[in-house]
Every structure is written in C-alpha cells, then in structure tokens.
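Observations on the three-dimensional arrangement
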Amino acid sequence: MKKPLIVIAIALSLTACSIHLTDGHIDRALPKFERLSTPTLTQNPTQARTLTISFDNKPSELRVSKVTANYLADCEVKMGASFENIYFHRPTYDLPIKFSQNSKDSYTATLYNDALVNENYFKDIKGYTGGVCHWKLYYVDVLAEPIPNRAKMYYGVRIFAHTDKISQGQFNIQHFNAPSDRKKHTSSDYLSDKQISEMDKKDVMTMTLKFD
C-alpha cells in the first residue's frame with residue numbers, strides 16, 4: 001500500500017480575491033501586475049470533486065476554519081526583463097470553498113475543476129500574446145484552529161488535486177492552545193515518523209485530506 005503523502009501548509013491568509021502571478025523568477029516588474037483581474041466564476045460548474053477532511057485524536061476545541069482551492073492557468077504573462085532574461089508568470093487564483101461538518105471529527109467540501117471561466121483576462125495588457133487562460137484545480141489548503149484560539153496557532157494540510165488521493169499532517173498537541181508554551185511548540189513543525197515513534201499517542205493528532 002502506498003504510504004500517504006505527508007504535507008504541512010501553514011498559512012494565515014490563504015484567501016484572495018484577485019488573480020496572482022507566480023513563477024520561480026520574481027523581478028521588480030511583478031508588484032504592479034500582482035492584482036490584474038478577478039476571474040469569472042462558472043455559473044453551473046459540472047466537474048465536481050468531494051474532499052473529505054478527517055481527524056484522529058482531535059482536541060474538542062479544534063475546528064476547520066478555512067478551505068481554499070488554488071487554480072492555475074496555462075497562459076503566461078510577460079513580466080519584464082532583467083539583463084538578458086525575460087520572465088513569464090502563470091496566473092493563479094485562490095478561491096474560498098464552503099465546507100460542512102458531518103461529525104465532530106469529519107468535514108466535507110465540494111470543489112469544481114471547472115469553477116473558473118476560461119477566457120483572455122489579460123487582453124488589455126500591452127504585448128500580451130498568451131491568449132485564453134485555461135484554469136485547472138491545482139491544490140487545496142485546509143486550515144484548522146482552536147476556538148477560541150488563545151495561542152494563535154494553526155494546523156494546515158495541503159493536497160494536490162491531480163497527483164494526490166490522500167494527504168496527511170501529524171501534529172504535536174501536547175501543549176494544545178496553551179499561550180505560554182507557544183515558543184516551544186508550534187504547529188508549523190509537523191512531526192516526522194521518528195518523532196511520532198518517540199511520542200505518546202495521545203499527544204499526536206492526525207489530519208487527513210482525501211479526494212473521493
């Protein structure tokens with residue numbers, strides 16, 4: 001049996017309302033083009049996918065607080081040049097996703113591969129020749145936090161839409177939501193297999209994302 005991919009993605013602000021441009025090369029031309037347009041949402045999307053979010057050994061105060069789908073377009077926007085290099089950036093978009101709680105340890109969210117309309121969003125940019133932007137669901141971030149969040153700690157897992165069926169994060173909850181211990185125990189450090197083997201099981205929480 002293939003071992004689940006273990007990924008941690010901590011983010012305090014995963015949601016955005018505008019297209020962003022992303023690439024390995026970031027140059028001075030990027031900031032003025034960061035917010036170019038808001039994609040058009042598909043009126044009646046049909047390509048649904050169900051994401052199940054489940055917990056093992058979840059503290060009673062913990063709740064899923066945010067689910068965000070990231071979409072990646074296949075078009076490229078020329079951002080400028082540095083020396084002899086010309087940089088191109090592929091637009092991405094973060095879409096907030098509604099979710100529902102099924103039980104104390106389980107949530108579900110419905111996402112759509114065709115949530116965004118494919119169109120030429122950058123036709124008014126001088127020199128743009130990328131044509132129509134075709135969007136695809138790239139990854140999903142799920143964020144959980146204590147309610148109330150006294151320690152300002154967050155627990156997050158990311159799942160990639162086209163490569164992962166399941167993704168897990170395992171966290172130390174020995175000092176869960178204790179402000180005085182925040183410097184010693186932070187949720188940004190997920191546990192390795194070795195760390196888990198050395199810990200008491202009651203101090204380890206597992207968060208699992210699974211595409212049906």
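Residues numbered from 1 in each chain as written. Predicted model: local features only at pLDDT ≥ 70, side-chain atom pairs only at ≥ 80, totals over all residues. Heavy atoms only, no water.

Things to note about the state of the cysteines
- As enumerated under the stated definition, the model contains 1 disulfide in all.
- A sulfur-sulfur separation of 2.0 Å characterises the disulfide bridge that pairs cysteine 75 with cysteine 133. Here cysteine 75 and cysteine 133 share a disulfide; its torsion about the S-S bond, 95°, makes the bridge right-handed. Residue cysteine 75 is located in the loop between β4 (62-73) and β5 (77-82), and its partner cysteine 133 is located in the loop between β8 (106-112) and β9 (135-146); the two are separated by 58 residues in the primary sequence.
- For cysteine 133, a relative accessible area of 0% translates into the label buried. (Disulfide = S-S within 2.5 Å. Helix = DSSP H or I, 4+ residues; strand = E, 2+ residues; numbered from the N terminus. Buried < 20%, exposed > 50% of the residue type's maximum accessible area, 1.4 Å probe, protein only.)

Considering the pattern of salt bridges
- Per the counting criterion, the structure on display carries 4 salt bridges.
- Salt-bridge contacts for arginine 150 lead to glutamate 61; the nearest nitrogen and oxygen are separated by 3.5 Å. Of the two residues, arginine 150 sits in the loop between β9 and β10 (155-160) while glutamate 61 sits in the loop between β3 (48-56) and β4, which places them 89 residues apart along the sequence.
- For aspartate 203, the salt bridge is made with lysine 202, and the minimal N-O distance between the two is 3.4 Å. (Salt bridge = Lys/Arg side-chain N within 4 Å of Asp/Glu carboxyl O.)

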